[in-house]
Structure formats: C-alpha cells, structure tokens
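Spelled out, the chains give:
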Amino acid sequence: MSPPEDALRDAELAIQNERLTAITSIARTLFSALEPTLLVEVLLGGVRELLGGKATLYAPRPGGGYAVTGDLSRCDEQRCGDGFITLAGNSDVIVIDEHERRAAVKVAGSGRTTAFVLDVASETPYSSADIFAIGLLAQYFGVAVRNVELYQELAARRDAVVELNQVKNDLIAMMAHDFKGPLTAIVGFADVLAEDERFDADSREYLGIISSSAMRLAALATETLVLSRLEHNELSLALEEIDLAALVNDVVRVLGVTRAIDLRVSTGMPKMRGDAARLRQVIENLIGNAIKYSPGGEPVDVAVRAPEAGRVEIAVRDRGIGIPESERTKLFSRFARASNARALGIGGTGFGLYLARTIVDLHGGRISVDSSEGRGSTFRVVLPVQPPQRASATLRLVLLDSDGEARSYVAHALREDGYAVSVAANANDLVRLVGEAHFDAALVDVDRLGSQAEAIVRQLRERHVPVVRIGLHRSGETNGAEPSLAKPFLMKDLYAALDTAVSQASGSPG
Ligand code: ADP
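Residues numbered from 1 in each chain as written. Predicted model: local features only at pLDDT ≥ 70, side-chain atom pairs only at ≥ 80, totals over all residues. Heavy atoms only, no water.

## As for unusual backbone geometry
Now for step 1: The phi dihedral of His-464 is positive, around 60°, even though this residue is not glycine.
Now for step 2: Relative to the assigned elements, His-464 resides in the loop between α13 (453–462) and β16 (467–471). (Helix = DSSP H or I, 4+ residues; strand = E, 2+ residues; numbered from the N terminus.)

Spelled out as structure tokens, the structure:
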C-alpha cells in the first residue's frame, strides 16, 4: 500500500476503534441501568451520540401496530409507527430506507416483551460501520431489557417474601405476648394455692411444679418475642445502673446447682449501665453452654474483671468438646451449630449465641471465643461501663413484692415489655430505692406489708410516685384513690392499672 493509503487506513482504524470504545461504554451503562425509563434514555442518547441521528424506540400496541415508548411499556399512544416500523418488526435483519436515510431494527424481547423496534433517522447516508453499530447496540439493548425484567421479577418476589415474613413475625409476636397473660395467672394461682394449708405436702409440691413449668413456658414465649423483635430491629435496651458481678453471681448460684462452677470476681469492679434482664440472658447462655458442651461433667470457670478503665469483662471457660476452628466465627450467626455438637447429639437451637452477640452489640461491647477442639472453649464478653446512647426512653418502675416467685415473674414480664424495673423485697428496700432514684410508678403488694402498707403508700404519694396496689383481694374504696389489682392478675390488667395510676398523677396538680 502506498503511504497515503496507509494513512487513510490508519485513520479509518482509529475511527473504528473510537466507535467500538464508545459502544462498549454505552453497553456498560445499559447493563447497569435497572430501571426501564433510564434504559430507554441510555439507548436513545447512545445512538444519537454515536450516529448523530434521531433515534426512536417503538413498542408493540395491544391492538396491533407500534407506538413510541419511553419506558418499555406497550403504550397505547396515538403516534403509531408507520409501515417501515412494522416491516422491521417482522424482519430478522436491519431494514434500511436509503432514500429517507432510516434504519430500523427489531430488538428481541423476552417472554413479557415481544419485540421492540429501534428506528434511527440520520442526516447523512449510512455507512456499513453505522449499520454494524446500530445492530450491536440493538443486541446489547435486548440483553439489558431482559436484565431489567429479571430484576423486576426478583424485586416482586422479594417484596412478597418480606411481606410474608412480616405477617409471620406479627403473628409470633402476638402469640408470644398473649401467652404471658394466662401464664401470669397460672403462676399466680399455683403460688397462692401452694401456700394454702389445706393442701398436703404432695399437692403443694405438684403446685410448685405447675408454677415452675409455667415459668419455663413464659421464658420460651419471651425468647420467641425477642427473636421476633430482633427481626423487626426493635430490640432496645432498658438501661439502669447494674452490678455486673452480682448479676453473674446470681446466675452462677442457680446454674451451680447442676455443675461445679468456680467464680472469680476481681476486687474494685466498677458499676456499669446496662440492661440487667438482657445481660442476664447473655450470661445464662454462656454458662449454660459451658455446662451443656462439657458432657463429661468437667467444672466451669467464670471470671469477672475490669481489664482496663471503663470496661468490664466476663470470661466463661469450660473443658468440654471445644469447637472446630473453621466453625468458630459462624456460631454467632442465627441458628448456626457446630458439627461436633450435632455429631454428639447434644440438643440446641443455635439461637443463644446470636442473641448474645446482638445484646452485647447493643451495649457497645464485643463477644469472642477461643477454643481448642476436644479440650474446651473460653467465651469472653467485654462491655463498656457506659454504653452508647441508643437505648429508648423507658418508664421506670419500682415493684414491691415480698413473694419471691411472683415478684421475679412480674418483674421479668415487665422488663420484657420494655420497662426498667427495680425490685424491693420489703418496705425498707422500697423506701431506700425511692429515696435514691426517680420512679414513674410503684407497684405495691399491700397484703404482705400489713399494717405498714398505708404509711408506705402515703410516703409514695408525698413523693409524687403513682401507686398501683396489688393484693389478694380488690381493695375497694377504703384504700384510697390508687388503682388496685387482685392477685393473680393478667399482665394486660396490670398495664391498664399502671396507665390509670400514671395519668391520675399527671392530671393532679403537684
Ligand atoms: P445452642 O446451644 O442452642 O445450639 P448457641 O447459639 O448457644 O445455641 O450455640 C451455638 C453453637 O455453638 C452450639 O450449637 C455449639 O455447636 C456451639 N457452642 C456454643 N457454646 C459452646 C461451648 N461452650 N463449647 C462447645 N461448643 C459450643
């Protein structure tokens, strides 16, 4: 080839190269556009940019023929495509009208869209490179249309699944919540009967079993509620000042009945702010697991210390089955269980550690595990003394009930429903607590207080703390204006009484 021909060829190659780069860039934008209007805009803009002509996209009309579309829908506009468009729609190749300088091409659709037609009108005659470019863009556009359709289908399915999940969660939350009312009554009645001298020792023991089984059911209902709140992102903390060492000690005392647990608490532990009920769940789960996953009965060590200023740590060490290394991190996900635990047939749901991690996260802390398979594991929770300000504002209640079992259940149920509850076992406790902190309401078991009851209620009234009286009998008019509840009661009646007490107090001057 002579030099001028070489130069011409180079120039042509450069133009072709530039055009291919432009087409690739348009294709990339087409593939990332997941919205129909945007997709059409990208196509038409791209054709204009590439060929300088006027581009139009046609969609088939329901009654036959074609109409201009800007969003892939089979619109029913008046401006129908002419015979040229219909011809292109019926053809498998690009149709060209040399005279009008138009080129039209069918864009193969998928199941939902039959075939679009892309019409390009140019001011200059088409070169073969132009025709090639139009054909390529039409093909890319067809793929992009199918992408958009698939994406829309997926989105619709996802919405349906999300909606179904929401219905399921609502149902679970409703059931779990509604369980609590009858369970309070069962626990309450069983406790009342267990103290009745007319029953012999055996019957009273059976009543104790009824009561503790109902408590277990209540715990299950609570766990279910927590799960559903987690899924709704609704789990929030009721923060109060807590003594972590005392909390751990309390759990160790209960679980220590079944296994030797060595508890070590460093001296000078700082007080911390946290949600006592939730942290108790974490500690119970970790120590419970240490016992469960050391089936040989090996002892468990628990240590509480302050590793650095502003932080506290609980470490639970066992000498049990351990956890295979590759499975350690996944155990904090929902329903995850290690293969060795399954192989050994040790029962579990894989929910506890997930819940523990969520609760620790909400407190701004960290949970981790060290383990050696076959030799044991150490779970460690580090918490800041002052958690981040994320917890919701809660009503603070003080509960006076010297009946241990019922007190713990009512306090538990109230905490589950988001109240911050302090419990007092006797009149002195109550007076001390009310002197130390502000409470939005007090729940007072008047029967147990006997002659002291009226004096205590009076003191609370003077401190502007609304009171709900709880007793074996409805108090009637002799006991003043406070709402009263007869034991055993349903939680919903307790909430109604609380509402009345709080609104009476805020309605009265001073
Ligand atoms: P569950 O014990 O009900 O299965 P968790 O969420 O508390 O649920 O624990 C998840 C999994 O982590 C367990 O199934 C078990 O495989 C493993 N695991 C937890 N704690 C220990 C432990 N102390 N020793 C060995 N494996 C453990």
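## Some thoughts on the packing of aromatic side chains
Now for step 1: This model, assessed by the stated rule, comprises five aromatic pairs.
Now for step 2: When the ring of Phe-31 is compared with that of Tyr-140, the centres are 5.9 Å apart and the planes differ by 75°; the resulting orientation is edge-to-face. With Phe-31 in helix α1 (residues 3–32) and Tyr-140 in helix α4 (residues 128–194), the pair connects residues that are 109 residues apart, well separated along the chain.
Now for step 3: Judged by its relative accessible area of 34%, Phe-31 falls in the partly exposed class.
Now for step 4: The partly exposed category is assigned to Tyr-140, whose relative accessible area is 27%.
Now for step 5: With a centroid separation of 6.4 Å and 70° between ring planes, the pair formed by Phe-116 and Phe-141 is classed as edge-to-face. Of this pair, Phe-116 sits in strand β5 (residues 115–121) while Phe-141 sits in helix α4, and the two are 25 residues apart along the sequence.
Now for step 6: In this structure Phe-116 comes out as buried when scored by relative accessible area, which is 1%. (Phe/Tyr/Trp six-rings, centres within 6.5 Å; stacked < 30°, edge-to-face > 60°. Buried < 20%, exposed > 50% of the residue type's maximum accessible area, 1.4 Å probe, protein only.)

## A word on a nonpolar patch on the surface
Now for step 1: Where nonpolar side chains cluster on the molecular surface, the patch consists of Leu-171, Met-174, Met-175 and Phe-179 and spans about 400 Å² of accessible area.
Now for step 2: Among the structural elements, Met-175 can be located in helix α4.
Now for step 3: The partly exposed category is assigned to Met-175, whose relative accessible area is 46%. (Patch = residues over 30% accessible without salt bridge, like charges linked within 9 Å, V, L, I, M, F, W, Y side chains within 5 Å. Areas by Shrake-Rupley, 256 points an atom, 1.4 Å probe, with all protein chains shown as cover. Salt bridge = Lys/Arg side-chain N within 4 Å of Asp/Glu carboxyl O.)

## Here we look at the side chain of Asp-301
Now for step 1: The topology assignment puts Asp-301 in strand β9 (residues 300–305).
Now for step 2: Given the relative accessible area of 19%, Asp-301 is considered buried.
Now for step 3: Polar side-chain contacts of Asp-301 include one of 2.7 Å to the side chain of Arg-319.
Now for step 4: Not counting residues within four places of it along the chain, the set of residues in contact with Asp-301 comprises Asp-262, Ala-315, Val-316, Arg-317 and Arg-319. (Polar contact = N/O pair within 3.5 Å; in protein donor to acceptor, adjacent residues only side chain to side chain. Contact = heavy atoms within 4.5 Å.)

## As for the sheet that holds strand β12 (residues 376–384)
Now for step 1: Spatial ordering of the open sheet is given by β7-β9-β10-β12-β11, a layout of five strands whose pairing is mixed. Every other strand in the sheet has two partners, leaving β7 (261–265) and β11 (366–372) as the edge strands with one partner each. Neighbouring strand axes in the sheet, compared pairwise and without regard to direction, differ in orientation by 10° on average.
Now for step 2: Inspection of the sheet shows β11 paired to β12 by seven bridges, in the antiparallel sense. Note on β12: the bridge partner recorded for Ile-367 is Val-381. (Pairing = 2+ DSSP bridges. Axes fitted to C-alpha atoms, helices over the stretch in contact; angles between N-to-C directions.)

## A look at the pattern of salt bridges
Pairs can form between side chains of opposite charge once their charged atoms are near each other.
Now for step 1: Throughout the structure, instances matching the rule amount to 23 salt bridges.
Now for step 2: One salt bridge connects Asp-250 with Arg-280, and the closest N-O pair in it is separated by 2.3 Å. A residue pair is termed long-range when its members are at least 10 positions apart, and Asp-250 in helix α6 (residues 244–255) and Arg-280 in helix α7 (residues 276–292) qualify at 30 residues.
Now for step 3: Judged by relative accessible area, Arg-280 falls into the partly exposed class, the value being 23%.

## Some thoughts on the sheet that holds strand β15 (residues 441–445)
Sheet strands line up and pair through hydrogen bonds in the backbone, either parallel or antiparallel.
Now for step 1: Reading across the sheet, the five strands line up as β14-β13-β15-β16-β17 and stay open at both edges, with parallel pairing between neighbours. The open sheet is flanked by β14 (420–424) and β17 (484–486), the only strands paired with a single partner. Across the sheet, the axes of successive neighbouring strands diverge by a mean angle of 20°, strand direction being ignored.
Now for step 2: Bridging between strand β13 (residues 396–400) and β15 involves four bridges; their strand directions are parallel.

## As for helix α11 (residues 427–436)
Now for step 1: Those residues of α11 not exposed but buried are Ala-427, Leu-430, Leu-433 and Val-434. The buried residues of α11 all sit within an arc of 130° when viewed along its axis, so they share a single face. Facing away from the buried surface of α11 by more than 90 degrees, the exposed residues are Asn-428, Gly-435 and Glu-436.
Now for step 2: The secondary structure elements touched by the buried residues of α11 are β13, β14, α12 (446–449) and α13.
Now for step 3: Taking the backbone nitrogen of Asn-428 as reference, a side-chain oxygen 3.2 Å away marks Asn-426 as the first, capping residue of α11. (Arc of directions from axis to C-beta.)

These values are about where atoms sit, not about what they do.
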